[in-house]
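Descriptive analysis of the structure
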Amino acid sequence: MWSALPAVSLENLIVPGPVERGFYVAVEEGDLAPTVSKKLVELLDTEHSVPSPAPRSLGVGGSKISYSPMRYWRRNSRIGQLIWVDSGNRFDPYQLSVEAKKRKLDPTRVLRAIKVGRPFTAFQYQQMLDRIPNPALWAPNAPEGESVLSPRAGRGGLSHSQAVWWTPLVIISDLMGLFYDPDLPEDALIRAFRSFMIRLSFLRQRAIVLALLRNGEPPANRRHLLPDVLKLARRISEPAPLPLPSSLVPAVLR
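Everything numeric here is computed off the predicted structure, so don't read it as measured data.

The rules behind the values
All residue numbers here refer to positions counted from 1 along the written sequence of the relevant chain. The predicted origin of the model limits local features to residues at a pLDDT of at least 70 and limits the giving and counting of side-chain atom pairs to 80 or more, whereas totals for whole chains, interfaces and linings rest on all residues. The side-chain numbers reported here are obtained from all heavy atoms of the structure, hydrogens and water having been left aside. A pair is scored as a salt bridge if a Lys or Arg side-chain nitrogen falls within 4 Å of a carboxyl oxygen belonging to Asp or Glu. Counting from the N terminus, the helices are DSSP H or I runs at least four residues long and the strands are E runs at least two residues long. For each residue, the accessible area found with a 1.4 Å probe, counting protein chains only, is set against the maximum for its type, and the residue is called buried under 20%, exposed over 50%, and partly exposed in between. Buried Ala, Val, Leu, Ile, Met, Phe, Trp, Tyr and Cys residues form a nonpolar core when they are joined through side-chain atoms within 4.5 Å. Contacts are residue-level and defined by heavy atoms, with any inter-residue pair within 4.5 Å sufficient. If DSSP finds at least two bridges between two strands, the strands pair. The directions from the helix axis to the C-beta atoms form the arc being described. In protein, a polar contact requires one atom able to donate a hydrogen and another able to accept it; more generally it is a pair of N or O atoms within 3.5 Å, and residues adjacent in sequence count only if both atoms are side-chain atoms.

Quick look at the pattern of salt bridges now. In total, this model carries 12 salt bridges according to the counting rule given. Ionic pairing is found between Glu 28 and Arg 90, a salt bridge with its closest N-O pair at 2.4 Å. On the criterion of sequence distance, the pair formed by Glu 28 in strand S2 (residues 22-28) and Arg 90 in the loop between strand S3 (77-85) and helix H3 (93-102) is long-range, its members being 62 residues apart. Each member of the pair, Glu 28 together with Arg 90, is buried. Linking Asp 86 and Arg 118 is a salt bridge whose minimum nitrogen-to-oxygen distance equals 2.7 Å.

Printed below as a string of C-alpha cells:
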C-alpha cells in the first residue's frame, strides 16, 4: 500500500548531516515517542563533531551551474532548532533526562535544547505550526562584506564561502488525534482542518517535519481526513502498512 513512497527510518532522518526538508510520517506499531527522544539526544551529543558539508561550485567565475540556488539551499540543509509539538501528550522529560545521563550530558541543557508546545485543541494545533521559526543561516567562513547564498539570491549572491541553512526539526507526537476528538463539532473541524493543511503545506517547505501516526482505525466520520494529509508526505517510515481499506487510501499511496 505504501510502495509509491520510499520508506525512511529514524536512522537517516534524525541525523546531524543534511536532510531534505519535507513532511515525513512514522507509522507506529507501538510507542515511537521514546525512540524519537533517544534519537534527539544522540543528535545533540554528536552533531557538534560532524563537519559541515562543503558547498559545490555554482557557476562563480564562469563555471557551469550544477543546480539552482534553491536546490543548493535545500540540499545543504542541516537540522537546527528542535521543536516538539506534543499534540498527543507524549513528550516525557524524565525519559529524555535518562537518555542524556547515559551519554554523560547535562539533562537540563538537553531539555532546554528542545522547545515543547502542547496544543489541547485542533485550533491550537494548527496555530502552533505558524510559530515554527524560519531556517537560520550559518556561514562562519564568509569574508566580511561578501554575500552568501540565500533563498532569494541570484547568481550575484553566490560565493565559495561555507553556507549552511540550519533547518528546524519539528516532531508531531500525534498527527491526527486532535482531529478525531468526538467533542469537536463538524463545522469547527472543517475550519481547523483546512487551516492545518495550509500551514502544513508551507511548513514542509521550510522545516523537517516528522509526525507520529497511530496505527489504528480512525472514527468512521473522520476517515476522509487522513488520506488528504498523507498526500503531503515525502516519505512514510517503517513499520507499515496501516490497516485501512484500500478505498480510503489516496491513489498516490497505492
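With that out of the way, let us pick up the nonpolar core. Counting residues in hydrophobic clusters, the biggest one holds 37 residues, and the most contacted among them are Phe 23, Leu 175, Met 176, Phe 179, Phe 196 and Val 229. Looking at this core, the elements with two or more residues in it are S2, S3, helix H5 (122-130), strand S6 (164-172), helix H6 (186-206), strand S7 (208-214) and helix H7 (225-230). By residue number, the principal contributor to this core is H6, which donates 8 residues. Excluding residues that lie within four positions of it along the chain, Val 229 makes contacts with Phe 23, Leu 175, Met 176, Phe 193, Phe 196, Met 197 and Leu 200. One finds Val 15, Ala 26, Ala 33 and Leu 43 within the second-largest nonpolar core, a separate group that totals 26 residues.

The buried count for S7 comes to 6 of 7 residues, which makes it a mostly enclosed element. As defined by bridge partners, S2 adjoins S7 across 7 bridges and the pair is classed as parallel. Across the sheet, residue Phe 23 finds its bridge partner in S7, namely Val 209.

Given 3.6 residues to a turn, an α-helix orients residues that are three or four positions apart in the same direction. Of the positions making up H5, those classed as buried are Ala 122, Tyr 125, Gln 126, Met 128 and Leu 129. Along the axis of H5, the buried residues cluster in a sector spanning 150°; they form a single face.

Moving on: the side chain of Lys 39. Among the secondary structure elements, Lys 39 is positioned in helix H1 (residues 33-46). At 3.3 Å, the side chain of Lys 39 forms a polar contact with the side chain of Glu 42. Non-local contacts of Lys 39, meaning those with residues more than four positions away in its chain, are made with Leu 10, Glu 11 and Ile 14.

Before going further, it helps to examine H3. Those residues of H3 not exposed but buried are Gln 95, Leu 96, Ser 97, Glu 99 and Ala 100. Its side-chain oxygen at 3.0 Å from the backbone nitrogen of Tyr 94, Asp 92 defines the N-terminal cap of H3. Phi for Lys 104, located one or two positions after H3, is positive at around 60°.

So far we have only geometry, and geometry alone does not tell us how the molecule works.
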